[in-house]
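Here are the chains, one letter per residue:
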Amino acid sequence: LHAARLLAEALITCDALCSALLLVAGFAFFLPTTVLGGAVTAGVFVFSNAGWSLAAYGLLLKVKRKAPFYALEPLGLLEPAFVGYKLADICDSLFLRLDGRYAQVPLVPIIFVFAASCVVRLALLAVLVRVSTQLNLSLAGLVDGFE
């Protein structure tokens, strides 16, 4: 359990860095091309993503029960879902509609940042599932009766 927690802490750090990269990419490439609704959606996404990372780290430090992990897991899927939606919107605009809305957006760095953030978040979710399933195997679960 200790090794899984250390891995989860490292992945939370990587997830925070990828979130910062998403924020920088969003402000650098997408803010000039979005309308007000898109900017509000991106702002809500950034703040909810930061809140999820802080909640995951806090839960990892004070882990005693499985229920909070199960509540946190589905919310962690929002970032890959939003990133996939945004990437589909970019590809649709560039290759199918040809409307030029994202004509100035460099595609390769955006795809790299999007893919890295999705891979790190999905790996973090897998490790958090592993930590939550191994809670009964820890010394705290055996001695204090935490379940």
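Residues numbered from 1 in each chain as written. Predicted model: local features only at pLDDT ≥ 70, side-chain atom pairs only at ≥ 80, totals over all residues. Heavy atoms only, no water.

S.K.: Give a description of the packing of aromatic side chains that names residues and reports values.
M.R.: Applying the stated criterion across every chain, the model contains one aromatic pair. Judged by centre distance (6.3 Å) and plane angle (45 degrees), the ring pair of Phe 82 and Tyr 85 falls under tilted. A residue pair is termed a helical-turn pair when its members lie 3 or 4 positions apart in one helix, as Phe 82 and Tyr 85 do in helix H4 (residues 78-97) at three residues. (Phe/Tyr/Trp six-rings, centres within 6.5 Å; stacked < 30°, edge-to-face > 60°. Helix = DSSP H or I, 4+ residues; strand = E, 2+ residues; numbered from the N terminus.)

S.K.: Residues and numbers for the nonpolar core, please.
M.R.: Formed by 15 residues in total, the largest nonpolar core has its most connected members in Trp 52, Ala 56, Leu 60, Leu 124, Leu 128 and Val 131. Contributing elements (two or more residues each) for this core: helix H1 (2-30), helix H2 (36-61), helix H3 (67-76) and helix H5 (107-133). The dominant element in this core, judged by the number of residues it contributes, is H5, at five residues. Leaving out residues up to four positions away in the same chain, Ala 56 has contacts with Ile 12, Leu 72 and Leu 128. Ala 25, Tyr 102, Val 113 and Phe 114 belong to the second largest nonpolar core, which has 10 residues in total. (Core = buried A, V, L, I, M, F, W, Y, C linked by side-chain atoms within 4.5 Å. Buried < 20%, exposed > 50% of the residue type's maximum accessible area, 1.4 Å probe, protein only. Contact = heavy atoms within 4.5 Å.)

S.K.: Describe in detail the pattern of salt bridges, supporting the description with residues and values.
M.R.: Tallied over the full model, the rule gives five salt bridges. Asp 15 is paired through a salt bridge with Arg 121; the nearest N and O atoms lie 2.9 Å apart. Of this pair, Asp 15 sits in helix H1 while Arg 121 sits in helix H5, and the two are 106 residues apart along the sequence. The class for Asp 15 is buried, based on a relative accessible area of 0%. Between Asp 92 and Arg 97 there is a salt bridge, with the nearest N and O atoms lying 2.9 Å from each other. One salt-bridge network, held together by shared partners, links Lys 86, Asp 89, Asp 92 and Arg 97. (Salt bridge = Lys/Arg side-chain N within 4 Å of Asp/Glu carboxyl O.)

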